[in-house]
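# Structural features, examined
As a plain string of letters, each chain reads:
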Amino acid sequence: MKSAKVVGVLIPIFIASTIYYINNKKPATHLVEFTAPFVFGRFTVPQNNPLTQESVLLGRRLFYDPLLSSNNQVSCATCHKQPLAFTDGLKTSVGVSGKPLAFNSMSLVNLMWGPKHFFWNGRSPSLEDQAIQPIEHLDEMSRNIEDLLVDLNNDDTYRDLFKRAFGEVSAQGIAKALANFQRMLISSNSRYDQYIRGELTLSSIEEQGRKLFMAHPDTKVILRGGNCIDCHSQFLTGGFSTMFDGFSNNGLDDDQALQAGLFTLTNNEAHRGLFKAPTLRNIAVTAPYMHDGRFTTLEDVLAHYNGGIKRSKTLSPLIIEADNIPKTQKNHISLNLNDDEIIAIIAFLHTLTDKEFLTNPAFSNPFTEENNNG
Ligand code: HEC
Ligand code: HEC
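Note that the coordinates shown come from a computational prediction; the quantities given were computed from them, not determined experimentally.

Basis of the calculations
- Sequence positions are assigned chain by chain, starting from 1 and proceeding in written order.
- Labels are handed out in written order, letters beginning with A for the chains and numbers beginning with 1 for the ligands.
- Local features in a predicted model are, by the rule used here, given only for residues with pLDDT of at least 70; side-chain atom pairs are given and counted only at 80 or more, and totals for whole chains, interfaces and linings are based on all residues.
- What counts as a helix is a DSSP run of H or I of at least four residues, what counts as a strand is a run of E of at least two, and both are numbered from the N terminus.
- Counting other C-beta atoms within 10 Å of its own, a residue is labelled buried from 20 upward, exposed at 12 or fewer, and partly exposed in the gap between, with every C-beta atom placed from the backbone.
- The contact criterion used is a C-beta to C-beta distance within 7 Å, with each C-beta placed from the backbone.
- The rule is simple: place the C-beta atom from the backbone, and if it lies within 6 Å of a molecule or strand, the residue is near it.
- Here an axis means a line fitted to C-alpha atoms, over the contact stretch when the element is a helix, while the angle between two N-to-C directions is reported on a 0 to 180 degree scale.
- Convention used here: angles under 35 degrees read as roughly parallel, angles over 145 as roughly antiparallel, angles from 65 to 115 as roughly perpendicular, and any remaining angle as oblique.
- Crossings are classed by handedness, with left-handed meaning an anticlockwise turn of the near helix from the far one by less than a right angle and right-handed meaning a clockwise turn.
- Charged residues are taken to be Asp, Glu, Lys and Arg, nonpolar residues to be Ala, Val, Leu, Ile, Met, Phe, Trp, Tyr, Cys and Pro, and polar residues to be all remaining types, Gly included.
- Segmentation into domains, and thus their bounds, comes from an automatic or database assignment.
- Residues enter a nonpolar core if they are buried, belong to Ala, Val, Leu, Ile, Met, Phe, Trp, Tyr or Cys, and are joined to the set through C-beta atoms within 7 Å.
- Arc, as used here, means the arc of the directions from the helix axis to the C-beta atoms.

Across its full length, the protein chain carries 15 helices and 2 strands. Considering only C-alpha atoms, the protein chain reaches an extent of 80 × 50 × 45 Å along its principal axes. Burial analysis of the protein chain (374 residues in total) assigns 37% to the buried set. For the protein chain, the proportion of contacts with a sequence separation of at least 24, taken over those separated by at least 6, is 67%.

Once that is clear, we can look at the site of ligand 1. Looking at ligand 1, there are 27 residues lining it, with Cys76, Cys79, Gly95, Phe119 and Pro134 nearest. Only helix H3 (76–79), helix H4 (127–136) and helix H7 (171–183) provide two or more residues apiece to the shell around ligand 1. Top contributing element to the shell around ligand 1 by residue count: H4, with 5 residues.

Where helix H11 (residues 298–308) contacts helix H13 (residues 339–350), the two axes come as close as 10 Å, and the packing angle between them is 130°. In this view, H11 runs oblique relative to H13, as classed from their interaxial angle. The element H11 and its partner H13 pack so that their crossing is right-handed. Side by side, H11 and H13 meet where Leu298, Glu299, Leu302 and Asn306 of the first sit next to Ile342, Ile345, Ile346 and Leu349 of the second. Each residue belonging to the contact of H11 with H13 can be placed in one class, and the counts come to 6 nonpolar, 1 polar and 1 charged.

This part is about the domain arrangement of the protein chain. If you check the domain split of the protein chain, you get domain 1 (7–187) and domain 2 (191–356). Counting from both sides, the interface comprises 25 residues of domain 1 and, opposite them, 29 residues of domain 2. Of the residues assigned to the side of domain 1 that touches domain 2, the class counts are 13 nonpolar, 10 polar and 2 charged.

Right, let's get into the nonpolar core. Across soluble globular proteins, nonpolar side chains have a tendency to be buried as a group. Residues Leu62, Phe162, Ala177, Leu178 and Leu185 are the most contacted members of the largest nonpolar core, which totals 44 residues. For this core, the secondary structure elements donating two or more residues are helix H2 (53–63), H3, H4, helix H5 (145–153), helix H6 (156–166) and H7. For this core, the element with the highest residue contribution is H7, accounting for 6 residues. Taken together, domain 1 (7–187) and domain 2 (191–356) each give at least three residues to this core, which thus spans both. With sequence-adjacent residues up to four places away left out, leucine 185 is seen in contact with Phe86, Leu108, Val109, Leu111 and Phe363. If you look at the next biggest cluster of nonpolar residues, it comprises 22 residues, including Tyr192, Ile309, Ile319 and Ile345.

Let us look at the packing of H6 against H7. The N-to-C vectors of H6 and H7 enclose an angle of 80°; their axes lie 11 Å apart at closest approach. Here H6 is positioned roughly perpendicular relative to H7, judged by the angle of their axes. Where H6 approaches H7, its residues Phe162, Ala165 and Phe166 are matched on the opposing element by Gly173, Lys176 and Ala177. Across the contact of H6 with H7, the residue classes tally to 4 nonpolar, 1 polar and 1 charged.

Attention shifts here to H2. The element H2 is largely enclosed, with a buried count of 8 among its 11 residues. Among the residues of H2, Glu54, Ser55, Val56, Leu58, Gly59, Arg60, Leu62 and Phe63 are the ones counted as buried. Close packing links the buried residues of H2 with H3, H6, H7 and helix H15 (366–372).

On to the environment of serine 105, then. Take serine 105: it is sitting in the loop between H3 and H4. In the structure, serine 105 is positioned 26 residues away from cysteine 79 in sequence and 6.5 Å away in space, judged by C-alpha atoms. Ignoring anything within four residues of it in the chain, the contact list for serine 105 reads Cys79, His80, Thr87, Asp88, Leu90 and Ser93.

Restricting attention to buried positions, one finds in H4 the residues Leu127, Ala131, Pro134 and Ile135. Taken around the axis of H4, the buried residues stretch over an arc of 110°, which confines them to a single face. Looking at the packing, one finds that the buried side of H4 touches H3, H5 and H7.

Pasting the structure below:
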């Protein structure tokens, strides 16, 4: 708001803003305060959805409320559980219909730094857009938004929370609040974060794993590597923030079995079979792995990269090239890491677990809290 320099105009401005308040039901809100490590880089928040305390408070309640589903049994948290870094432990998620979805649940963490393409195939452009989709999806929550708005309006607590955050109950408000609660799911205190801050040294096996994770193998100079960083360079946050960087084909399927992936969004044949390289933060607690949950353990994942790669027309050249012994068989793609090296990489992946995040009361179920308080 413009500041009034002359005392005489103060009163008209006050009246004007009161009228504005009544007309737009625009409440006075307070911005959240938070800190994030410098290494995460820049982040953006949509201009029309400031990160207010009121919207985050409302978003947290909505996130945990089964009222958002047609049978009143499924909330966002059914498939996004805090102790599992907001995944659900299932191969592919199950909602109100009981029919398994096509996809494995995704971890929700440090989403402000991620790409502006949400879902495994990138089909949603913002957290606000994303939030409404599971509510309406027939297999997930299958809730008619108009009916939901009526129910929310009939609930005193919600009416009050919406009033404070946005002025009134609306579908837009639901989306904005859920988006802002999820933006606050910030994790920055894993052992690896502490290592970056110089607070601890990694064990020798973790350190060996870190080096392998970070290196693209080069047999000419005898540099051994796992080439993970080639694609998982934003492994602490939600992924890459620019364009389609961070979507790739990591060799899960051959041409016959290749899934649509990013092609769903772009209709570009070169994008068939490309999926989002997700954050690896808290990866030790988010099994099973990959967009379809095909791998049960991190050992399975490493076995895939070390010898299970399937060739297809969009397979990443970074994977084809990466080999720790000079290429002998042209057809067989392998990293050729030894067992000790695999164990080391897995040990490093475990340093990405942030226990504080997984138990932070600010992200937990507010209804449990209310019940405990009587
Ligand atoms: C029935 C289980 C289920 C429910 C309920 C559910 N989700 Fe999800 N969520 C998933 C699955 C599965 C994916 C990956 C889907 C895909 O890629 O198509 C996902 C993906 C996401 C993503 C994308 C993350 C990223 O990094 O791209 C966000 C954000 C998200 N969900 C938020 C929510 C919110 C908010 C709600 C509640 C309104 C919710 N989810 C309800 C299962 C669920
Ligand atoms: C060419 C790019 C690329 C390289 C190299 C790569 N990854 Fe991936 N990774 C991906 C993509 C893309 C996905 C998601 C694939 C999917 O589900 O379809 C993925 C998925 C994963 C997952 C499962 C994540 C989840 O939430 O389910 C893990 C774990 C993983 N990678 C670890 C590694 C490790 C460790 C290395 C190094 C040995 C590595 N990756 C190398 C691109 C890559």
